[in-house]
2 protein chains.
Amino acid sequence: MTYCVGIEVDEGLVFAADTRTSASFDDVRVYRKMHIFEYPGERVFVILSAGNLATTQLTMSRLNRDADDPSCTRSLRTFKHLFEVAEYVGEVLVASQSAVNDQAQHSGVSVQSTLVLGGQIAGERHGLYMVYPLGNCIATSPETPYLQIGESKYGKPILDRILRPDTSLEDAARCALVSLDSTIRSNLSVGLPLDLALIRAGDLRITQQMRLEADTPLYAEIHDTWSRKLENAVRTLPRFPWEPAREGQEEDQRSLAQVIAPPRRMAARQDPGDEAGQQ
Amino acid sequence: MTYCVGIEVDEGLVFAADTRTSASFDDVRVYRKMHIFEYPGERVFVILSAGNLATTQLTMSRLNRDADDPSCTRSLRTFKHLFEVAEYVGEVLVASQSAVNDQAQHSGVSVQSTLVLGGQIAGERHGLYMVYPLGNCIATSPETPYLQIGESKYGKPILDRILRPDTSLEDAARCALVSLDSTIRSNLSVGLPLDLALIRAGDLRITQQMRLEADTPLYAEIHDTWSRKLENAVRTLPRFPWEPAREGQEEDQRSLAQVIAPPRRMAARQDPGDEAGQQ
């Protein structure tokens, strides 16, 4: 299995991926699932992959071959719009699946892959797409600013609760790392090291890129402190009516009367409308 | 679908369950999945259920019938040990599945149910078991102090990070509510209202019991504040090397040097050994 997440906020794009591939419990390997296509100043794309490794590798090889061929009229370098790139990547994915499928008919092995494609082309807003095995794709939206592939359930609640279009790029990246760390902790098929990449809107290149191992200080610190922060957050949630207030802890001293006061709802968000949506 | 979680800590037991049952998107109902069997001062059990509703209801009816029959030699009231109760509940579950299956052969509908059974019998430590559709069962352990049934992935990371045998009963209950709330937020098949029950060790009765609706102050407050607490926790995680320190926020002013310092690992826990384990 795999877990990858792409996030689109107003400030840019975040990509995070684990590196564990497994054919079974005793056939576990490390492979990069984050694929970077960078043409600085002109365009930049990141593709995250989940599914059949042979299909993914063939797809990436073909994308690179086409992009490196100046005579190729349809490649990552030729399209003017990101949605066209997503369509093209979908076509290459479907063709790669067919090629692998022809070689391995009736084997019972799924040759499908699913991709997350994000990036920016000069003159256009950055964007993020999910490319399905059928070759079709969906974009993020202001209400759903992230896309996940692979073992997505464990890491979804933190994304649902935190991410909004106005979340800062770095907070979105921290959120992605927590989402990955939670998944790794709860599921054996997702594993370290992690790849993290950030594209700040307008940079037209990879702004920051890191590989995080268990002993990388930043990751170790996040891994070690997050549980403590959660534990503190759980403890400072409203107390049950039968519990005595804790002394000396202001946030714990809520009386039941306070708890019964109308809950503070979040202010209604302005309807982002179509103009803020993905093209 | 369903999401229920049972937690065993040294102070006692926590049970939490949603109430949504669905045969399809347009056949959604509210049913209680928390079943209480209380014989104050003598013994108390809570059973959480997931799976086929007819099977579950038949199982609960049979458990109640047997317990109410003074001449019945095998019932919730007759066994001396909790593991024997778990075995017996497994037998009743298997018999109920067979009964339903005989009526609905080859329909393609699964008649299986999975149960979480917890409680305490006078003179014995409290305990918690998962009863599988085959009738066999597993207990919690000090390393794995909780059991989930149904749509379990979304709410697992918070349990993995927070729960230890020495977690207080109320903190465990808050953790269960957050686990349920996260699942409800991320998955349509799990829904309000929630049932929550606490059994404090030695009480030999249900110590506290609540039904939480969306507008129950305690639940509304947890629902409303948890995201803000998480957001704050994400913001105060270590900053990336390229980020400037935030002014006036002590926890954000970690320099890279601090981050690079050896991570503070949790102290190794003492091996709980067999004597602390479930019988």
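Refer to the structure above for everything that follows.
Below is a summary of the structure that appears in this document. Given the structure is predicted, the values throughout are model-derived calculations rather than measurements.

Thoughts on the nonpolar core
So, step 1. Counting 70 residues, the largest nonpolar core has I7 and L196 of chain A together with I7 and L196 of chain B as the members making the most contacts within it.
So, step 2. Ignoring any residue separated from it by four or fewer positions in sequence, one finds I7 of chain A in contact with G12, L13, V14, L128, P145, Y146, L159, L163, A172 and A176 of chain A.

Remarks on the pattern of salt bridges
So, step 1. According to the stated counting rule, one finds 44 salt bridges over all chains in the structure shown.
So, step 2. When the shortest N-O distance is used, the salt bridge between R174 of chain A and E243 of chain B registers 2.7 Å. Of the two residues, R174 of chain A is situated in helix α4 (residues 169–186) and E243 of chain B in the loop between α5 (217–235) and α6 (256–260); the pairing between them involves two chains. Side by side, R174 of chain A and E243 of chain B carry an identical accessibility label, which is buried.
So, step 3. Of the charged contacts in the structure, one is a salt bridge between D195 of chain B and R211 of chain B, with a shortest N-O distance of 2.9 Å. Remark: R211 of chain B occurs in strand β12 (residues 208–212) and D195 of chain B occurs in strand β11 (residues 194–200); sequence separation between them is 16 residues.
So, step 4. Classification of R211 of chain B as partly exposed rests on a relative accessible area of 36%.

Focus on the relation of the copies chain B and chain A
Mapping one chain copy onto the other needs a rotation about an axis and a shift along that axis.
So, step 1. Overlaying chain B on chain A yields an RMSD of 0.0 Å, the required transformation being a rotation through 180 degrees with an accompanying axial translation of 0.0 Å. When the rotation and shift are considered jointly, the pair of chain copies conforms to a two-fold rotation axis. Considering only C-alpha atoms, the residue of chain B closest to the rotation axis is Y154 of chain B, which sits at 2.3 Å.
So, step 2. Interface overlap between copies: 100% of the residues of chain B at the interface are likewise at the interface in chain A, consistent with a symmetric, same-surface contact.

Brief notes about the packing of helix α1 (residues 53–68) of chain A against helix α2 (residues 82–103) of chain A
All names here are of chain A.
So, step 1. Viewed as axis vectors pointing N to C, α1 and α2 meet at an angle of 130 degrees, and their least axial separation amounts to 9 Å. Taken together, the axes of α1 and α2 are oblique relative to one another. By crossing handedness, the relation of α1 to α2 is classed as right-handed. When α1 is examined against α2, the residues T55, L58, T59, R62, L63 and D66 are found in contact with a partner set consisting of Y88, V89, V92, L93, A95, S96, Q97, A99 and V100.
So, step 2. Split by residue class, the contact of α1 with α2 holds nine nonpolar, four polar and two charged.

With respect to α1 of chain A
All names here are of chain A.
So, step 1. Taking 1.5 Å of rise per residue, 16 residues should cover 22 Å, and α1 covers 22 Å from first to last C-alpha, within 8% of that figure.
So, step 2. For α1, the complete set of buried residues consists of T55, T56, T59, M60, L63, D66 and A67. Projection of α1 onto a plane perpendicular to its axis shows the buried side chains occupying an angular sector of 130 degrees, all on one side. Of the exposed residues in α1, those oriented more than 90 degrees away from the buried face are R65 and D68.
So, step 3. Check the buried side of α1 and you find it contacts β5 (34–39), β6 (43–51), α2 and β7 (113–121).
So, step 4. At the N-terminal boundary of α1, the capping side chain belongs to N52, with an oxygen 2.9 Å from the backbone nitrogen of A54.

Side note on unusual backbone geometry
Residues and elements named next belong to chain A.
So, step 1. Residues L192 and P193 are joined by a peptide bond in cis, for which omega reads -5 degrees.
So, step 2. On the secondary structure map, P193 appears in the loop between α4 and β11 (194–200).
So, step 3. Positive phi is not limited to glycine here, since L204 has a value of about 55 degrees.
So, step 4. If you trace the backbone, L204 turns up in the loop between β11 and β12 (208–212).
So, step 5. By relative accessible area, which is 12% here, L204 ends up buried.

Quick notes on the environment of I7 of chain A
All names here are of chain A.
So, step 1. Among the secondary structure elements, I7 is positioned in strand β1 (residues 3–9).
So, step 2. Owing to a relative accessible area of 0%, I7 belongs among the buried residues under this scheme.
So, step 3. Residues I7 and C175, spaced 168 residues apart in sequence, show a C-alpha to C-alpha distance of 9.7 Å.

Concerning the interface of chain B and chain A
So, step 1. Each partner contributes to the interface: chain B provides 59 residues, whereas chain A provides 59 residues.
So, step 2. Counting each side, the surface lost to burial between chain B and chain A is near 6,000 Å², with a carbon and sulfur contribution of 58%.
So, step 3. Our enumeration of links across chain B and chain A arrives at 10 salt bridges.
So, step 4. Where R235 of chain B meets D171 of chain A, a salt bridge forms, and the shortest distance between an N and an O atom there is 3.2 Å.
So, step 5. Secondary-structure elements contributing two or more residues to the side of chain B that touches chain A are α3 (156–162), α4 (169–186), β11, β12, α5 and α6 of chain B.
So, step 6. Residue contributions to the side of chain B that touches chain A peak at 17 residues, all from α5 of chain B.

Looking at the pairing of β6 of chain A
Residues and elements named next belong to chain A.
So, step 1. Most of β6 sits out of view: eight of its nine residues are buried.
So, step 2. The turn linking β5 back onto β6 is made up of three residues, and G41 within it adopts a positive phi angle of 85 degrees.
So, step 3. Pairing between β6 and β7: nine bridges, direction antiparallel. Looking at the pairing, G51 lines up with S113 of β7.

Details of the pairing of strand β7 (residues 113–121) of chain B
Residues and elements named next belong to chain B.
So, step 1. Taken across its nine residues, β7 has nine buried, putting it largely inside the fold.
So, step 2. Here β7 shows no split at all, with S113, L115, L117, G119 and I121 on one side and T114, V116, G118 and Q120 on the other all buried.
So, step 3. Note that β7 and strand β8 (residues 127–131) share five bridges and pair antiparallel. Across the sheet, L117 pairs through a bridge with Y129, a residue of β8.
So, step 4. Between β7 and β8, which pair antiparallel one after the other, the connecting turn spans five residues, and G123 there sits at a positive phi close to 90 degrees.

Some remarks on the side chain of T59 of chain B
All names here are of chain B.
So, step 1. Position of T59 relative to the elements: it lies in helix α1 (residues 53–68).
So, step 2. T59 gets classed as buried once you look at its relative accessible area, which sits at 0%.
So, step 3. Within polar-contact distance, the side chain of T59 engages the side chain of S96 at 3.2 Å.
So, step 4. Sequence-distant contacts of T59, that is, excluding residues within four places in its chain, are made with V92, L93, S96 and L115.

How each quantity is defined
- Residues numbered from 1 in each chain as written.
- Chains lettered and ligands numbered in written order.
- Predicted model: local features only at pLDDT ≥ 70, side-chain atom pairs only at ≥ 80, totals over all residues.
- Heavy atoms only, no water.
- Core = buried A, V, L, I, M, F, W, Y, C linked by side-chain atoms within 4.5 Å.
- Buried < 20%, exposed > 50% of the residue type's maximum accessible area, 1.4 Å probe, protein only.
- Contact = heavy atoms within 4.5 Å.
- Salt bridge = Lys/Arg side-chain N within 4 Å of Asp/Glu carboxyl O.
- Helix = DSSP H or I, 4+ residues; strand = E, 2+ residues; numbered from the N terminus.
- Least-squares fit on C-alpha atoms with pLDDT ≥ 70 in both.
- Axes fitted to C-alpha atoms, helices over the stretch in contact; angles between N-to-C directions.
- Parallel < 35°, antiparallel > 145°, perpendicular 65-115°, else oblique.
- Left-handed = near helix turned anticlockwise from the far one by under 90°.
- Nonpolar A, V, L, I, M, F, W, Y, C, P; charged D, E, K, R; others polar.
- Expected span 1.5 Å × (residues − 1).
- Arc of directions from axis to C-beta.
- Polar contact = N/O pair within 3.5 Å; in protein donor to acceptor, adjacent residues only side chain to side chain.
- Buried area = accessible area lost by both parts, 1.4 Å probe.
- Pairing = 2+ DSSP bridges.

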